[in-house]
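# A look at the structure
Given next are the chains, with one letter for each unit.
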Amino acid sequence: MPQLTGEQQTQLEQLLKKERDHAAGILQKMEENRHALRQAADREPFDEAVITALAKLQSELQTELLVSHLRTQARIRSLFPPPRNQ
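What you see is a predicted model; the values in this text were computed from it and never measured.

Another point: the overall build of the protein chain. Along the protein chain, the regular secondary structure elements total two helices and zero strands. On C-alpha atoms alone, the protein chain measures out to a radius of gyration of 20 Å, which is more than a quarter above the 12 Å that the 2.2 N^0.38 rule sets for 86 residues. The principal-axis extents of the C-alpha atoms in the protein chain amount to approximately 70 × 25 × 15 Å. Looking at the protein chain residue by residue over its 86 residues, the buried ones come to 20%. By sequence separation, contacts in the protein chain at least 24 residues apart represent 75% of the contacts at least 6 residues apart. Summing over all exposed atoms, the protein chain offers an accessible surface of approximately 6,800 Å²; the carbon and sulfur share of this is 56%.

Structural data, given as structure tokens:
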């Protein structure tokens, strides 16, 4: 990994903090949704519509987390332009 300039280091730290904060919010929502899924699964009678809606939400949250992670990776790569051929 190349040496970072002070500006690059600051940008990297800001990007990582933003990603951690965003991911923490998504992870919290995922945990709450898992809890709701467990509760819904234990209810009688079984309500497939509720379970389906909660499962779709969990999938959407997982997608959001993955996209956020990959977006952050792309932004980090943009801080390090490829070296020029000399």
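Having seen the structure, we can now continue with the description.
Let us now look at the pattern of salt bridges. By the definition in use, this model includes three salt bridges. Taking the shortest distance from any N to any O, the salt bridge between D21 and K17 comes out at 2.7 Å. One end of the pair is D21 and the other is K17, both in helix α1 (residues 6–42) and four residues apart, which spans about a single turn. The class of K17 is partly exposed, set by a relative accessible area of 47%. Note that R38 and E31 form a salt bridge whose closest N and O atoms lie 3.7 Å from each other.

On to the environment of V50. In this fold, V50 is placed in helix α2 (residues 48–78). Exposure remark for V50: the relative accessible area of 32% places this residue in the partly exposed category. In sequence terms V50 and G25 are 25 residues apart; their C-alpha atoms lie 23 Å from each other.

Attention shifts here to the environment of E48. Note on placement: E48 falls in helix α2. Between the C-alpha atom of E48 and that of S68, which follows or precedes it by 20 residues, the distance is 30 Å.

Cut-offs used in this document
Residues numbered from 1 in each chain as written. Predicted model: local features only at pLDDT ≥ 70, side-chain atom pairs only at ≥ 80, totals over all residues. Heavy atoms only, no water. Helix = DSSP H or I, 4+ residues; strand = E, 2+ residues; numbered from the N terminus. Rg over C-alpha atoms; globule rule 2.2 N^0.38 Å. Buried < 20%, exposed > 50% of the residue type's maximum accessible area, 1.4 Å probe, protein only. Contact = heavy atoms within 4.5 Å. Areas by Shrake-Rupley, 256 points an atom, 1.4 Å probe, with all protein chains shown as cover. Salt bridge = Lys/Arg side-chain N within 4 Å of Asp/Glu carboxyl O.

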